[in-house]
Amino acid sequence: MINLVLFGPPGAGKGTQSERLVAKYELVHLSTGDIFRKNMKNETALGQLAKSYMDKGNLVPDSVTIDMLKSELELYPEAKGFIFDGFPRTSPQAEALDIMLAEKSQGITCMLALEVAEAELEKRLLGRAATSGRADDGDIEIVRNRIAVYNRETAPVAEFYKVQGKFISIEGMGGIDEISNRLYASIDAHL
Ligand code: ADP
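Since the structure is predicted, the reported quantities are computational estimates derived from the model, not experimental observations.

J.: Help me get a handle on the layout of surface pockets, residues and values and all.
T.: As a volume, the largest pocket reaches approximately 990 Å³. Broken down by secondary-structure element, the contributors of at least two residues to the lining of the largest pocket are helix H1 (14–25), strand E2 (28–31), helix H2 (32–41), helix H6 (118–132), helix H7 (140–154) and helix H9 (176–190).

J.: Requested: an account of the site of the ligand, with residues and values cited.
T.: By nearness alone, 20 residues border the ligand, and Thr32, Arg37, Asn58, Gly86 and Gln93 come closest of all. Residue arginine 128 places a side-chain N or O atom 3.0 Å away from an oxygen atom belonging to the ligand. Between the ligand and arginine 146, the relevant distance is 3.0 Å, taken from an oxygen atom to a side-chain nitrogen or oxygen of the residue. For the ligand, whose unbound accessible area comes to 550 Å², protein coverage reaches 96%. The pocket occupied by the ligand, as judged from atoms lying within 2 Å of grid points, is the largest pocket. Take the shell around the ligand: its biggest share by element is 4 residues, from H2. Grouping the constituent residues of the shell around the ligand by class yields 6 nonpolar, 7 polar and 7 charged.

J.: Break down H1 for me, with residues and values.
T.: The terminal C-alpha atoms of H1, which comprises 12 residues, lie 16 Å apart, in line with the 16 Å expected from a rise of 1.5 Å per residue. Buried residues of H1: Lys14, Gln17, Ser18, Leu21 and Tyr25, and no others. One side of H1 carries all its buried residues, which in axial view fall inside an arc of 110 degrees. Exposed positions of H1 whose direction lies more than 90 degrees from the buried face are Glu19 and Ala23. If you follow the buried residues of H1, they end up packed against strand E1 (2–7), E2, strand E3 (81–85), strand E4 (110–115) and H9. One or two residues past the end of H1 sits glutamate 26, with phi positive at roughly 55 degrees.

J.: Can you lay out the pairing of E4 for me, pointing to particular residues and giving the numbers?
T.: For E4, a buried count of 5 out of 6 residues is recorded, marking the element as mostly surrounded by other parts of the structure. Taken together, the 4 bridges between E1 and E4 define a ladder with parallel strand orientation. Paired with valine 5 across the bridge in E4 is methionine 111. Two elements, E4 and strand E5 (residues 167–171), share 5 bridges in a ladder whose sense is parallel. In the sheet register, methionine 111 faces E5, and the bridge partner there is phenylalanine 167.

Criteria and cut-off values
All residue numbers refer to positions counted from 1 along the written sequence of the respective chain. Only residues with pLDDT of at least 70 get local features here, since the model is predicted, and only at 80 or more are side-chain atom pairs given and counted; chain-wide, interface and lining totals rely on the full set of residues. Values reported for side chains reflect all heavy atoms of the structure, with hydrogen atoms and water molecules removed beforehand. Cavities and pockets were defined on a 1 Å grid built from protein atoms only: a cavity is a group of points that admits a 1.4 Å probe but offers it no way out, a pocket is an open group of points flanked by protein on both sides within 12 Å along at least five of seven lines, and a lining residue is one with an atom within 4 Å of any such point. Grid points are joined across faces, edges and corners, and a volume is the space filled by probe spheres set on the points. Labels follow the DSSP assignment, with helices taken as runs of H or I lasting at least four residues and strands as runs of E lasting at least two, numbered in each case from the N terminus. The near set for a molecule or strand comprises every residue that places at least one heavy atom within 4 Å of it. Polar contact criterion, stated in full: a pair of N or O atoms within 3.5 Å, where within protein one must be able to donate a hydrogen and the other to accept it, and residues adjacent in sequence count only if both atoms are side-chain atoms. Per-residue and other accessible areas follow the Shrake-Rupley method at a 1.4 Å probe size, with only the shown protein chains counted as cover for residues. Think of it this way: if more than half of a molecule's atoms are within 2 Å of a pocket's grid points, that molecule is in the pocket or cavity. Amino acid classes used here: Ala, Val, Leu, Ile, Met, Phe, Trp, Tyr, Cys and Pro are nonpolar; Asp, Glu, Lys and Arg are charged; the rest, including Gly, are polar. A helix's residues, less one, multiplied by 1.5 Å, set its expected span. For every residue, the accessible area (1.4 Å probe, protein chains only) is compared with the maximum for its type, and the residue is labelled buried under 20%, exposed over 50%, or partly exposed between those bounds. Here the arc refers to the directions that run from the helix axis out to each C-beta atom. Contacts are residue-level and defined by heavy atoms, with any inter-residue pair within 4.5 Å sufficient. Strands pair, by our definition, only if DSSP identifies at least two bridges between them.

Right, here's the structure in full:
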């Protein structure tokens, strides 16, 4: 099984690159942001709870996010592997993911971290607001809060994978194809 964590700040291109990795390696894409947005659209209780955090650019609480991811994993018993996109975003989430996978005698293959300059992130997020329709993309204050939350709560998660020798840094500036090719090369070298 290949289990990839695609990591990086908001606007780093995780969603775009996930689509390509899913197609190339035949993996199941688990994006916690997408799952929360689907719940918001369907007006579930989980969606309403998540919305109150997401609209401000804050993280949904760990207990809620971890339970949700756990039940999503159970939906794909036949999967060849997973891409975790937007998860883990905190150290407790990273620990919980290792435990969930260990229960299936699985583990994370590697973390691929897309590195993008902060000024570029702001530009990309504000730019995609028109097409994404996301309340958290169009407002500069919310965008800045998301980046600050990332730096404070999520960036330290890299350390968790570094000590396991599973952290791979990927230059996330450049063309979409160029970045995909960097990802493929790093994954293939790690298999
Ligand atoms: P981006 O990477 O562009 O910020 P996402 O779709 O991954 O977009 O996440 C959007 C929002 O969803 C986050 O700002 C956060 O509120 C919520 N969210 C997504 N994943 C998690 C997670 N693992 N833990 C807590 N909150 C999350």
